[in-house]
Amino acid sequence: APDVRAIFSAAQRSKPPKALGCIGKPKKLDADAITCSFGAPGKRPSVALWGDSHATVILPVMAQAAIRAQRAGLFARHHGCAPLLGVESSRAHGCRAFNDKIIRQIARDPDIHLVILLAHWAKSAEGTAYGHDDAGNLFLTDAQSPRPSLRNDPVVFARGLDRTVAALTRARKRVAIIASIPEIGWTVPETLARMKLAHDNWELGPSLLEYLERQKT
């Protein structure tokens, strides 16, 4: 069916940097990590958006807002790697080194006044996938808790976030933390396609209560 093919085509299509919000081609630090500038060309970054793939979702909106305000920003993203200093992620090779690099870059840039943090917070803190998501568990480790354990994830997460906010505050940066984007719990393109074929119209996303319950940690 054309509608089903369109769903899968949109999911698989690779977006150009401009569609993502970047000015020019992003700088690849490794296979899963990029940095780029966004907003008005020729302007010095005054804001930074730092996170994992969830931060990519809001980058186009941030870029449009920056263009309207004639401002620019720095975008730093590593898949599976929340901006938690001193923390390694089982789903992101080189996570700690990436975050160390980004905090140094932000701290030494006097023009960056505001740092926005956005990541898959609930997955990082809980370590478990949501709903029917089959992505598997995520384990966080740091110097105090070097052995991977779901039991340790919440405390390692809290220490890492504390380190990040403290480091940014010492560098005289304002910090804004954006709450998690709601988790769907299903593979969205495949599920939407199945619903289209079955002429089904049930609500795919979580309720507000389900979302809030997931954020408690």
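Quick summary incoming for the structure in this document.

The rules behind each value
- Residues numbered from 1 in each chain as written.
- Predicted model: local features only at pLDDT ≥ 70, side-chain atom pairs only at ≥ 80, totals over all residues.
- Heavy atoms only, no water.
- Helix = DSSP H or I, 4+ residues; strand = E, 2+ residues; numbered from the N terminus.
- Buried < 20%, exposed > 50% of the residue type's maximum accessible area, 1.4 Å probe, protein only.
- Polar contact = N/O pair within 3.5 Å; in protein donor to acceptor, adjacent residues only side chain to side chain.
- Contact = heavy atoms within 4.5 Å.

## Focus: unusual backbone geometry
Positive phi values are uncommon outside glycine, yet Q70 reaches one of about 55 degrees. Examined against the element boundaries, Q70 turns out to sit in the loop between α3 (53–68) and β4 (72–78). One non-glycine residue, R172, lies in positive phi territory at about 65 degrees. Mapping R172 onto the fold places it in the loop between α6 (153–170) and β8 (174–177). Judged by its relative accessible area of 76%, R172 falls in the exposed class.

## Looking at the side chain of H78
Position of H78 relative to the elements: it lies in strand β4. Taking relative accessible area as the criterion, H78 reaches 0% and is therefore assigned buried. Within the local environment of H78, its side chain forms a polar contact with the backbone oxygen of H93, the two atoms lying 3.1 Å apart. If near-sequence neighbours (up to four positions away) are discounted, H78 is found in contact with D30, D32, A33, G51, D52, S53, A92, H93, G94, C95 and F98.

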